[in-house]
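# Structure at a glance
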Amino acid sequence: MEPLTNRSKKLEKKEMTFAERAYLPAIAQGLGITLKHFFKKKATIQYPEQTRQRSDVWRGLHVLKRDEEGRERCTACGLCAVACPAEAITMVAGERKAGEEHLYREEKYAVTYEVNMLRCIFCGLCEEACPKAAIFLQDDKIAPARYERDEFIYGKDRLVEPLKTTETK
């Protein structure tokens, strides 16, 4: 079989010196790299006491917002779930009953609303898709570490913004 090209490179095998055979230059080069890294500023921080500076566009934990009267903004339209590329959001819609006008803005509301934090990629598309500005990604909270997988599925109990109590004196 003939070679595809006529180009060939002749290699010369030259004798290694004693220092090269003993790997002394390689050892010295490795020690030099080690010493260079030894005196560099450390990348590690002491986490609970110190926190890193976050970017202005950083997105954290989800929260379901309430309106000025304390009612849930979410109308269970499902646009956030459709916009989510990771399919992390699931919801079940329900009809508001008589006497629940102080709880929900519209006649339709989310009976269950769940975000699977293990699937979520924190892209913010759910926030952009929501016509009622009901879902918001906080810029100051991150998902805490947990031991069980089911603890990463956040329901309305963790997602809905707590009611603001007005204190009068």
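Residues numbered from 1 in each chain as written. Predicted model: local features only at pLDDT ≥ 70, side-chain atom pairs only at ≥ 80, totals over all residues. Heavy atoms only, no water.

### Regarding the pairing of strand β3 (residues 108-116)
Relative to β3, strand β2 (residues 89-95) runs antiparallel, the two sharing 7 bridges. The residue of β3 that forms the bridge with E95 is K108. Looking at chain direction, β3 and strand β5 (residues 153-154) are connected through 2 bridges and run antiparallel. Paired with N116 across the strands is I153, a residue of β5. (Pairing = 2+ DSSP bridges. Helix = DSSP H or I, 4+ residues; strand = E, 2+ residues; numbered from the N terminus.)

### Re the nonpolar core
One finds I89 and Y113 to be the most contacted residues of the largest nonpolar core, which totals 23 residues. When contributions to this core are tallied by element, the ones reaching two or more residues are β3 and β4 (135-137). If you tally residues by element for this core, the top one is β3, at 3 residues. If we ignore the near neighbours within four places in the chain, the residues touching I89 are C80, A81, C84, Y113, E114, V115 and C126. (Core = buried A, V, L, I, M, F, W, Y, C linked by side-chain atoms within 4.5 Å. Buried < 20%, exposed > 50% of the residue type's maximum accessible area, 1.4 Å probe, protein only. Contact = heavy atoms within 4.5 Å.)

### Observations concerning the sheet that holds β3
Pairing is antiparallel across the open sheet formed by 3 strands, whose spatial order is β2-β3-β5. Two strands bound the open sheet, and with one partner strand each, they are β2 and β5.

### Points about the UniProt feature "binding site: [4Fe-4S] cluster 2" (unreviewed entry) in the chain
UniProt marks C84, C120, C123 and C126 with the feature "binding site: [4Fe-4S] cluster 2" (unreviewed entry), using the numbering shown here. These annotated residues cover 43 residues of sequence, and their C-alpha atoms lie no more than 10.4 Å from one another, placing them together at a single site. For C84, the position within the fold is in the loop between α3 (79-83) and β2. Overall, C84 belongs to the buried group, its relative accessible area being 11%. Given a relative accessible area of 24%, C123 falls into the partly exposed group. Apart from residues no more than four positions distant in its own chain, C123 is found in contact with R59 and P85. (UniProt positions renumbered as here; feature names shortened; annotations may be inferred.)

### Describing the pattern of salt bridges
One pass over the structure, following the stated rule, counts 6 salt bridges. Between D67 and R71 there is a salt bridge, with its nearest N and O atoms 3.1 Å apart. Residue D67 shares its accessibility class with R71, and that shared class is buried. Between E68 and R73 there is a salt bridge; the shortest N-O distance is 3.9 Å. On the basis of relative accessibility, which here comes to 19%, the residue R73 falls in the buried class. Put simply, D67, E69 and R71 are held in one network by salt bridges that share partners. (Salt bridge = Lys/Arg side-chain N within 4 Å of Asp/Glu carboxyl O.)

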